[in-house]
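Analysis of the macromolecular model
The chain contents come next:
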Amino acid sequence: MLYFDYNATTPIDPAVREAMRPFLDQEFGNPSSFYRLGRRATETLTEARESVAQLLHATPREIIFTSCATESITTAFLSALEAAPEKRHLITSTVEHSATLELCQYYESCGYEVTYLPVDREGNLSLEQLENSITPSTALISLLWANNETGVIFPVEKIAAIAAEKNIPLHLDAVQAVGKIPIDLQSIPVSYLSLSGHKIYAPKGVGSLYVNRHVSYTPLLRGSQEGTRRAGTENVASITGFGHAAMMAKEKLSSEQQRLTTLRDYFEKMLMRSLQGVHLNGEKASRLPNTSSLTFDKIEATAALFLLDEKKLFCSAGSACNTQSRTPSHVLSAMGCTLEEARSTLRFSFGRFTTEIEIKESIKIISSVVQKLRSLA
Ligand SMILES: *Cc1c(COP(=O)(O)O)cnc(C)c1O
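Residues numbered from 1 in each chain as written. Predicted model: local features only at pLDDT ≥ 70, side-chain atom pairs only at ≥ 80, totals over all residues. Heavy atoms only, no water.

**Regarding empty space enclosed by the protein**
- Scanning the model with the defined rule gives four cavities of 30 Å³ or more in all.
- Considering the residues around the largest cavity, the lining is formed by 18 residues, among which G179, K180, Y201, L260 and R352 are closest to the centre.
- Residue classes in the lining of the largest cavity are distributed as eight nonpolar, five polar and five charged.
- Two domains share the lining of the largest cavity, each providing at least three of its residues, namely domain 1 (2-8 + 253-376) and domain 2 (14-249). (1 Å grid on protein atoms, 1.4 Å probe; cavity = no way out; pocket = protein on both sides within 12 Å on 5 of 7 lines; lining within 4 Å. Points joined across faces, edges and corners; volume = space filled by probe spheres on them. Nonpolar A, V, L, I, M, F, W, Y, C, P; charged D, E, K, R; others polar. Domains from an automatic or database assignment.)

**Thoughts on the site of the ligand**
- Near the ligand you find C68, A69, T70, H97, L144, N148, D173, V175, Q176, S196, H198 and K199, and these make up its full shell.
- Relative to its unbound accessible area of 380 Å², the ligand is 90% covered by the protein chains.
- In terms of residue class, the shell around the ligand is made up of four nonpolar, six polar and two charged. (Near = heavy atom within 4 Å. Areas by Shrake-Rupley, 256 points an atom, 1.4 Å probe, with all protein chains shown as cover.)

**Topic: the packing of aromatic side chains**
- Using the criterion set out here, one finds eleven aromatic pairs in the structure.
- Here the aromatic rings of Y6 and Y201 are separated by 6.0 Å at their centres, their planes lie at 55 degrees, and the arrangement is tilted. Pair noted here: Y6 is in the loop between strand 1 (2-3) and helix 1 (14-24) and Y201 is in the loop between strand 7 (192-196) and strand 8 (207-211), with a separation of 195 residues, a long-range link. Y201 carries the same exposure label as Y6, and that label is buried.
- Here F267 and F348 contribute two aromatic rings whose centre-to-centre distance is 5.0 Å and whose plane-to-plane angle is 65 degrees, an arrangement assigned as edge-to-face. Remark: F348 occurs in strand 12 (residues 345-349) and F267 occurs in helix 8 (residues 236-274); sequence separation between them is 81 residues.
- Grouping aromatic residues by their ring pairs yields a cluster made of Y3, Y6, Y201 and F353.
- For the cation-ring pair, R39 lies above F34, with the distance from its terminal atom to the ring centre recorded as 5.7 Å. (Phe/Tyr/Trp six-rings, centres within 6.5 Å; stacked < 30°, edge-to-face > 60°. Helix = DSSP H or I, 4+ residues; strand = E, 2+ residues; numbered from the N terminus. Buried < 20%, exposed > 50% of the residue type's maximum accessible area, 1.4 Å probe, protein only. Lys NZ or Arg CZ within 6 Å of the ring centre and 35° of its normal.)

**Things to note about helix 13 (residues 356-376)**
- For helix 13, with 21 residues, the first-to-last C-alpha span of 31 Å sits near the 30 Å given by 1.5 Å per residue.
- For helix 13, every residue scored as buried is listed here: E358, I359, S362, I363, I365, I366, S367, V369, V370 and L373.
- Of the surrounding elements, those touching the buried residues of helix 13 are strand 1, helix 8, strand 10 (291-296), helix 9 (301-310), strand 11 (313-314) and strand 12. (Expected span 1.5 Å × (residues − 1). Contact = heavy atoms within 4.5 Å.)

**Focus on helix 2 (residues 36-56)**
- With 21 residues, helix 2 extends 31 Å between its outermost C-alpha atoms, agreeing within 8% with the 30 Å of an ideal straight helix rising 1.5 Å per residue.
- Within the span of helix 2, buried status applies to G38, A41, T44, L45, A48, R49, S51, V52, A53, L55 and L56.
- One or two steps after helix 2, the chain reaches H57, where phi turns positive at roughly 60 degrees.

**Thoughts on the domain arrangement of the protein**
- Annotation of the protein at the domain level lists domain 1 (2-8 + 253-376) and domain 2 (14-249).
- Note on domain 1 versus domain 2: buried area summed over both sides is about 2700 Å², and carbon and sulfur give 54% of it.
- A per-residue breakdown of the area domain 1 buries against domain 2 is headed by L253, L288 and R352, which together make up 25% of the total.
- Summed over the shared surface of domain 1 and domain 2, the result is two salt bridges.
- Here E122 ties to K284 by a salt bridge, and the two come within 3.8 Å at their closest N and O atoms.
- Summed over the shared surface of domain 1 and domain 2, the result is 15 residue pairs in polar contact (both at pLDDT 80 or more).
- Those elements that place two or more of their residues in the side of domain 1 that touches domain 2 are helix 8, strand 10, helix 10 (320-325) and helix 11 (330-334).
- Per element, the largest residue contribution to the side of domain 1 that touches domain 2 is four residues, and it comes from helix 11.
- Across the side of domain 1 that touches domain 2, the residue classes break down as 13 nonpolar, 15 polar and six charged. (Buried area = accessible area lost by both parts, 1.4 Å probe. Salt bridge = Lys/Arg side-chain N within 4 Å of Asp/Glu carboxyl O. Polar contact = N/O pair within 3.5 Å; in protein donor to acceptor, adjacent residues only side chain to side chain.)

**Structural notes on the pattern of salt bridges**
- What the rule picks out here adds up to 13 salt bridges.
- Of the charged contacts in the structure, one is a salt bridge between E18 and R21, with a shortest N-O distance of 2.8 Å. Taken as a pair, E18 and R21 lie in helix 1 at a separation of three residues, close to a single helical turn.
- What makes R21 partly exposed here is its relative accessible area of 38%.

As structure tokens, then:
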């Protein structure tokens, strides 16, 4: 199997699974219980919180565990909006993950005004437009750190400076950035930041929300757990896995960043060498080390996915969510791609278990599939 869809989800790292195992077996205690089985569960939550905090250069009490990044994003919005009920304007971008976009649409239906900042052909945001869109009524700016479809990285340092200067809460969706590029919340101050376990080799169904200790917070689920900030008996095993994954991400960050950049550059260069009419989306932008969004002239991406699937090569057309609905990617559309270009685009995203041999093998398979589809057209 050639798995090139790490941005959709990652496999669980075997070391993460090992760290979780005791909490799926004998250490099944409820962290709220007094006896030592419960205390052991509390300890592992503390360790996990420290690991996630260290990865972000945050403090442990700024980390809240959630069920997924979607929940984290939703809670960040709720917190910012409840803190300033008179403010009825939100700023986001046209290329956000659907978790953010659909939440913004919901708030629009509640009477909020939402500015969707456009991007240019490379997927870059205009900081001037961001600044100009801020009004006295702006309650929150919510933007991606890095895009899940193209890997394009937003200039978060400058975004954070603008938000701080105008005193507007900033939420960043760092789901794709974390573990791939450094995140230092000491040097880039934000109000809220969302992470997901299953994008960093932990299981699905766990995430976290960073809440800067100086900003206000409103729980989505009310009750005693997580210091009354997120109720529901803690998902002890998954949180343990998430903490272990965060620790591993920190350890491997710089070596993986280099290794994946080399593999990705080779992949792109060789595909462009062996095939005509291949275009790299976000080519001139600053990008994540692991993501290649490539448009192949004169092919249907969905047909390519089918043939690649037969060769056990798994990648995606746009985002995982778009593949089923067959609507062209909103990200590529926002970047000015035509419908045809968007429908001819494949996303390859690599990760910890991607090897050079796999990359070489995939170049042959992709080239032959594209040639086959073009010859049929
Ligand atoms: C996967 C993803 C999410 C959603 O994460 P879940 O934990 O699955 O809710 C949000 N934003 C980005 C950029 C993502 O890639």
